[in-house]
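# A structural walkthrough
Residues per chain are reported as follows:
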Amino acid sequence: MVRAVVFDVGGVLALVEPMDLGDVDPDGTVLADLWEAGEVGRVTEAEVRRAMGERLEMTPEQVDGVMADMWRQYLGAANTELIAYVRTLRPGCRTGILSNSFVGAREREHAAYGFGDLVDELIYSHEAGMNKPDPRLWDLTCRRVGAAPGEIVFVDDSPALVDSARDYGMRGVLFEQTAQVIREVDALLLRARA
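Residues numbered from 1 in each chain as written. Predicted model: local features only at pLDDT ≥ 70, side-chain atom pairs only at ≥ 80, totals over all residues. Heavy atoms only, no water.

### Considering the sheet that holds strand 5 (residues 121-124)
Reading across from one edge, 5-4-1-6-7 is the order of the five strands in this open sheet, with parallel pairing throughout. Edge positions in the open sheet fall to strand 5 and strand 7 (171-174), since each of these has one partner strand only. The sheet shows a mean angle of 20° between the axes of neighbouring strands, taken without regard to direction. In terms of strand pairing, strand 1 (residues 4-7) meets strand 6 (residues 152-156) through four bridges, oriented parallel. Residue pairing in the sheet places A4 in a bridge with I152 of strand 6. Across the sheet, helix 10 (residues 178-193) is in contact with strand 1, strand 6 and strand 7; its angle to strand 7 comes to roughly 160°. (Pairing = 2+ DSSP bridges. Helix = DSSP H or I, 4+ residues; strand = E, 2+ residues; numbered from the N terminus. Axes fitted to C-alpha atoms, helices over the stretch in contact; angles between N-to-C directions. Contact = heavy atoms within 4.5 Å.)

### Side note on the side chain of Q180
Mapping Q180 onto the fold places it in helix 10. Of note is the side chain of Q180, whose polar atom sits 2.8 Å from the side chain of E184. Among residues more than four places away in sequence, those in contact with Q180 are V173, L174 and F175. (Polar contact = N/O pair within 3.5 Å; in protein donor to acceptor, adjacent residues only side chain to side chain.)

### Comments concerning helix 8 (residues 135-145)
Listed in full, the buried residues belonging to helix 8 are L137, W138, L140, T141, C142 and V145. Buried positions along helix 8 lie against strand 1, strand 4 (94-99), strand 5, helix 7 (125-128), strand 6 and helix 9 (159-168). Phi turns positive, to about 70°, at G146, one or two residues after helix 8. (Buried < 20%, exposed > 50% of the residue type's maximum accessible area, 1.4 Å probe, protein only.)

### Here's the deal with the packing of helix 2 (residues 45-56) against helix 3 (residues 60-75)
The relative placement of two packed helices comes down to the angle between their axes together with the axis-to-axis distance. Direction vectors running N to C along helix 2 and helix 3 enclose 125°, while the axes themselves pass 10 Å from each other. Our classification of the angle between helix 2 and helix 3 gives oblique. Crossing hand, helix 2 versus helix 3: right-handed. Along its contact with helix 2, which presents E45, V48, R49, M52 and G53, the element helix 3 presents V63, D64, V66, M67 and W71. Within the contact of helix 2 with helix 3, the residues separate by chemical class into six nonpolar, one polar and three charged. (Parallel < 35°, antiparallel > 145°, perpendicular 65-115°, else oblique. Left-handed = near helix turned anticlockwise from the far one by under 90°. Nonpolar A, V, L, I, M, F, W, Y, C, P; charged D, E, K, R; others polar.)

This is the structure in structure tokens:
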């Protein structure tokens, strides 16, 4: 039985290009600790902005510009076809989002895509304090959607994360194309109902 289908955001529900902040931090070392801390909620957005200004000797206006560019890249473009499909899954099964994220992502993604209304459960790494593939995050996902690992379909664009979810016992679907994901999820749901 499949009780829940859980989706990643970046590269799945939102189509994104790799983040490029090379003009600001060319070798990626000046701000690396900030990005890592922001992914698991150990810093606030205000602390990120303040540290960027200090470390890179930027004015508040320059920091605002860099952050606006970062969020534009981070949000990408809505995968409208997959979002529409996700809406069709309820009430037949529970739905969720499980995303390695950054402080402020929930509010921005909801404003841009309505994710807070799209699924039953939103699980963001910056709120949970851990990143995929931490097994504790798979466990949290099971508890939040109310299903055992084998009753959950997990969709991600990272082969390593899909493999990790499968190793945990979930049914993993690797996102390559929207139509392929819809076919594979539908097939798993049909098989589970048979």
